[in-house]
Amino acid sequence: LLVWWGKGLEDAVAVATEHCANTKDPKWVGRLYGGGSEASYLAEMIVSFYNKNVHTYVAGPLFTTAEHAIINKVLGYVGWDPAISAGIFFPGGSYCNLVSYICARHRRDPDVKQRGLTKPMKMITSIYSHYSVDKSAIMMGLGLDSVIKIDFEATSVEDFEKIVVENNVFCLNSTFGTTSYGNLESVKKFDEVMKKHGVWHHVDACVGACALFSNKYRYLTSELVTADSITVDCHKLLNITMQCSCVLVKEGKLLNECSTVTAPYLFHKYGNSVDHSQRSFQCGRKADGFKLWFCDAVDDLDKQATMVYDRAADFHKILAGDERFNHIYADSPSHICFRVRGKEEIDYERAVEGLRRRGLYIEYYIDFFRLVPVNESFGEEQLRSVLDEIYDVVMKEC
């Protein structure tokens, strides 16, 4: 390669390696994703080498078939019937959430697809939900005022129903593994109200759906079966390379109904039920589903998923016994959240910057630190070292 491209290649690689953080490093603990598994690297190489588009079955039959097969397997983990339910891979969890809300709106008012919105429609989400709910409301033409944010635990069933009736609510969004805390939101108490008023329940499980792949922790996902749609990010805790996101819809035909259009120059009838072309709002689509199929075939996804939750449980115990820190959100199955004791005012932005200068990548949320054990290389020894560095920086530099 150096002979072919000369010193330009060497210089370009040097720039990349010098200025990019190594996401496989044990000190990379601040994000909800890691460095990626070796199997996912290989799958990514295969996808890139063949450079196939999966906008239609004919364009990428192997990759489309693999996507179809792995979607059906994940549907089974949820407890849905693949003959009725469906799914598709999109570039990122935010996009998957958006498509779910469009399906929800289509079920409430199918005519919107043709004539557009003629009356206000609103959706409910948690005060802890991801910002993609707001972004989706903008993109759908609903507006930010259409997003009603409530505290699920503090809101009574009676108050919830009142909000639904008075605001023409078509969808409720809950989060199975919040970004900041990792908590698994339950809206089971609202089930009857949602059924009564035809409110779609979407679960943003970008973080928590990792448990679906763990035989030990799949029980955590027991309430997902009652949802209408689910978003899964396999590039997060499952440690598959970016991006690997899919949306699952219980009433699968809605994926087609809300987006199907006529395009005879592209959409041909080949009599193949595996064709996903009319499930997607986009044309060009990368074969991200193949990556999950490939990793499921050659790697141990159960081991990775179980490792994340096992280590989080162990780390909770370690942190609870360390008097230097105030351990918070101890019931989170994946996130380790804590504050440093002994200092009333902490400049978290400065602390994080100081830690990055030491090569430690960790995140904070308002007034606490958060780490997530995605990389296998991050064990008990590394945790204790990270805690020592955090304490040292906070006490000396903040």
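Before reading further, recall that the structure is shown in the block above.
Let us look at the structure shown here. Treat the numbers as computed from the prediction; the structure is a model and nothing was measured. (Residues numbered from 1 in each chain as written. Predicted model: local features only at pLDDT ≥ 70, side-chain atom pairs only at ≥ 80, totals over all residues. Heavy atoms only, no water.)

1. Focus on the pattern of salt bridges
Working step 1: Within the structure shown, the criterion is met by 27 salt bridges.
Working step 2: Close ionic contact of Glu 389 with Lys 27 constitutes a salt bridge, the shortest N to O distance being 2.7 Å. Taken together, the residues Glu 389 in helix 14 (residues 380-397) and Lys 27 in the loop between helix 2 (7-19) and helix 3 (38-50) connect sequence positions 362 residues apart.
Working step 3: The salt bridge involving Glu 363 is made with Arg 356; its shortest N-O contact spans 3.3 Å.
Working step 4: Residue classification places Glu 363 among the buried residues on the basis of a relative accessible area of 15%.
Working step 5: Judged by its relative accessible area of 33%, Arg 356 falls in the partly exposed class.
Working step 6: The structure contains a network of salt bridges with shared partners spanning Lys 27, Arg 357, Arg 358, Glu 389, Asp 392, Lys 396 and Glu 397. (Salt bridge = Lys/Arg side-chain N within 4 Å of Asp/Glu carboxyl O. Helix = DSSP H or I, 4+ residues; strand = E, 2+ residues; numbered from the N terminus. Buried < 20%, exposed > 50% of the residue type's maximum accessible area, 1.4 Å probe, protein only.)

2. Overview of the side chain of Ser 85
Working step 1: By the element assignment, Ser 85 lies in the loop between helix 4 (61-78) and strand 1 (86-90).
Working step 2: A polar contact is formed between the side chain of Ser 85 and the backbone oxygen of Lys 250, at a distance of 2.7 Å.
Working step 3: Leave out the neighbours within four places in its chain, and Ser 85 touches Leu 75, Trp 80, Val 249, Lys 250 and Gly 252. (Polar contact = N/O pair within 3.5 Å; in protein donor to acceptor, adjacent residues only side chain to side chain. Contact = heavy atoms within 4.5 Å.)

3. Overview of empty space enclosed by the protein
Working step 1: By the definition in use, this model includes one cavity of 30 Å³ or more.
Working step 2: By volume, the largest cavity amounts to about 40 Å³.
Working step 3: Around the largest cavity, the lining residues are Trp 28, Gly 30, Arg 31, Arg 356, Tyr 361, Ile 362 and Glu 363.
Working step 4: The class makeup of the residues in the lining of the largest cavity is three nonpolar, one polar and three charged. (1 Å grid on protein atoms, 1.4 Å probe; cavity = no way out; pocket = protein on both sides within 12 Å on 5 of 7 lines; lining within 4 Å. Points joined across faces, edges and corners; volume = space filled by probe spheres on them. Nonpolar A, V, L, I, M, F, W, Y, C, P; charged D, E, K, R; others polar.)

4. Comments concerning the sheet that holds strand 11 (residues 368-371)
Working step 1: With respect to topology, four strands assemble into an open sheet ordered 8-9-11-10, the strand pairing being antiparallel. Sheet topology places strand 8 (325-328) and strand 10 (363-365) at the edges, where each strand pairs with a single neighbour. For this sheet, the mean inter-axis angle between neighbouring strands, taken without regard to orientation, is 35°.
Working step 2: Summarising the sheet, strand 8 and strand 9 (residues 336-340) pair through four bridges and their orientation is antiparallel. Within strand 9, the position partnered with Phe 325 by the bridge is Val 340.
Working step 3: With respect to the sheet, helix 12 (residues 301-320) is in contact with strand 8 and strand 9, its orientation differing from that of strand 9 by roughly 15°.
Working step 4: Seen against the sheet, helix 14 touches strand 8, strand 9 and strand 11 and runs at an angle of roughly 35° to strand 9. (Pairing = 2+ DSSP bridges. Axes fitted to C-alpha atoms, helices over the stretch in contact; angles between N-to-C directions.)

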